[in-house]
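Inside the fold
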Amino acid sequence: GEDVEQSLFLSVREGDSSVINCTYTDSSSTYLYWYKQEPGAGLQLLTYIFSNMDMKQDQRLTVLLNKKDKHLSLRIADTQTGDSAIYFCAELYNQGGKLIFGQGTELSVKP
Amino acid sequence: SQTIHQWPATLVQPVGSPLSLECTVEGTSNPNLYWYRQAAGRGLQLLFYSVGIGQISSEVPQNLSASRPQDRQFILSSKKLLLSDSGFYLCAWSVNPAGTQYFGPGTRLTVL
């Protein structure tokens, strides 16, 4: 079946690294995404990774993909208060091109 | 560059009233278009998607309907709103069904 799971909350101190984890079920997914949602706003695409990659780095963001364990993580280096938001993991389900979202992880950054 | 618009930004409607939410995309042709609802529990539920004018697929049975009268316009409607229709409605577009989806700013609907 289609399922993406994330922990609901994460709290870090400003300047620390944040690691948000996600597990998914479809081993044939082609793309996996991270979106950011600030209060009252739409979803902003942060980054994505193709399923044949293990890692992707984009400035402060590092995405790690473990296909064997179906585990995806997003690391935010030097986390700032402006990074406080809800982060959604999503997999592109190979059957029909449907995007399946996790419940979102609320990141709280304390000064 | 491509942009996606939604309006209104917020809406408060009484139970039983009609609904019309609009989404438009600029800067691309023949996009795939999507309507999602985000309830208070945060999860996003795909409601409808469209691969072209007049082509609508529904993901879940519900009180809502969608239409695509023009290439870059996607409308979400209801004849009679229910309390359970309250939520945050997000429109998204992609180049093709397997493409990255880009989201609009959303419409906050409160049904009283």
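Keep in mind it's a predicted model, so treat the numbers as computed, not measured. (Residues numbered from 1 in each chain as written. Chains lettered and ligands numbered in written order. Predicted model: local features only at pLDDT ≥ 70, side-chain atom pairs only at ≥ 80, totals over all residues. Heavy atoms only, no water.)

With that settled, the discussion passes to the interface of chain A and chain B. Of the residues lining the interface, 22 residues belong to chain A; the matching set on chain B comes to 19 residues. Between chain A and chain B the total buried area reaches about 1500 Å² when both faces are included, carbon and sulfur atoms providing 54% of it. If you sort the residues of chain A by the area they bury against chain B, Leu43, Phe101 and Gln103 of chain A come out on top, with a joint share of 27%. At the junction of chain A with chain B, the criterion picks out 2 salt bridges. (Contact = heavy atoms within 4.5 Å. Buried area = accessible area lost by both parts, 1.4 Å probe. Salt bridge = Lys/Arg side-chain N within 4 Å of Asp/Glu carboxyl O.)

Let us look at the sheet that holds strand 3 (residues 18–24) of chain A. Residues and elements named next belong to chain A. Spatially, the 5 strands line up as an open sheet ordered 1-3-8-7-6, and their pairing is antiparallel. The open sheet has two edge strands, strand 1 (4–6) and strand 6 (55–58), and neither has a second partner. Ignoring strand direction, the axes of neighbouring strands in this sheet form an average angle of 15°. (Pairing = 2+ DSSP bridges. Helix = DSSP H or I, 4+ residues; strand = E, 2+ residues; numbered from the N terminus. Axes fitted to C-alpha atoms, helices over the stretch in contact; angles between N-to-C directions.)

Below, the discussion takes up unusual backbone geometry. For the bond running from tryptophan 7 of chain B to proline 8 of chain B, omega is 0°, close enough to zero to count as cis. You will see that aspartate 78 of chain A, though not glycine, has its phi angle at about 50°, which is positive. For aspartate 78 of chain A, the position within the fold is in the loop between strand 8 (71–76) and strand 9 (85–93). What makes aspartate 78 of chain A partly exposed here is its relative accessible area of 42%. (Buried < 20%, exposed > 50% of the residue type's maximum accessible area, 1.4 Å probe, protein only.)

Here the focus is the pattern of salt bridges. Residues and elements named next belong to chain B. Enumeration over the complete set of coordinates arrives at 7 salt bridges over all chains. Residues aspartate 85 and arginine 37 are paired through a salt bridge, measuring 3.7 Å at the closest nitrogen-oxygen approach. Taken together, the positions of aspartate 85 in the loop between strand 8 (73–78) and strand 9 (87–94) and arginine 37 in strand 4 (residues 32–38) put the pair 48 residues apart, joining distant regions of the chain. Grouping residues by exposure puts aspartate 85 and arginine 37 together as buried.

Looking now at the nonpolar core. Grouped together as the largest cluster of nonpolar side chains are 22 residues, with contacts concentrated most on Trp34, Leu72, Leu74 and Tyr87 of chain A. The greatest single-element share of this core, amounting to 4 residues, is contributed by strand 9 of chain A. Apart from the residues within four sequence positions on either side, leucine 72 of chain A is in contact with Ile20, Asn21, Cys22, Leu32, Tyr33, Trp34, Ile49, Val63, Leu64, Leu65 and Cys89 of chain A. Counting 20 residues, the second largest nonpolar core, distinct from the first, contains Leu19, Leu47, Ala66 and Tyr89 of chain B. (Core = buried A, V, L, I, M, F, W, Y, C linked by side-chain atoms within 4.5 Å.)

This part takes up the sheet that holds strand 1 (residues 3–7) of chain B. Residue and element names in this part refer to chain B. Sheet architecture is open: 4 strands sit in the order 1-3-8-7, paired in antiparallel fashion. Here the strands that pair on one side only, and so sit at the sheet edges, are strand 1 and strand 7 (65–70). Averaged over neighbouring strand pairs, the angle between their axes works out to 20° when direction is ignored. Here strand 7 runs beside strand 8; their pairing, made up of 4 bridges, is antiparallel. Residue pairing across strands places serine 65 opposite serine 77, the latter belonging to strand 8.

All names here are of chain B. With respect to the helices and strands, the residue alanine 39 is situated in the loop between strand 4 and strand 5 (44–52). For alanine 39, a relative accessible area of 45% gives the class partly exposed. The spacing of alanine 39 and asparagine 63 is 24 residues in sequence and 15 Å in space, taken between C-alpha atoms.

Here we take up the state of the cysteines. The full count for this structure, using the stated rule, is 2 disulfides over all chains. Note on cysteine connectivity: cysteine 22 of chain A is disulfide-linked to cysteine 89 of chain A, with sulfurs 1.9 Å apart. Given an S-S torsion of about -60°, the disulfide between cysteine 22 of chain A and cysteine 89 of chain A has left-handed geometry. Separated by 67 residues along the polypeptide, cysteine 22 of chain A in strand 3 and cysteine 89 of chain A in strand 9 bring together distant segments of the chain. No difference in accessibility class separates cysteine 22 of chain A from cysteine 89 of chain A, as the two residues are buried. The side chain of cysteine 23 of chain B participates in a disulfide bridge whose partner is cysteine 91 of chain B; the two sulfur atoms lie 2.0 Å from each other. Torsion about the S-S bond of the cysteine 23 of chain B and cysteine 91 of chain B cystine: about -75°, corresponding to left-handed handedness. Of this pair, cysteine 23 of chain B sits in strand 3 (residues 19–26) while cysteine 91 of chain B is found in strand 9, placing the two residues 68 residues apart along the sequence. Of the two residues examined, cysteine 23 of chain B and cysteine 91 of chain B, each falls in the buried class. (Disulfide = S-S within 2.5 Å.)

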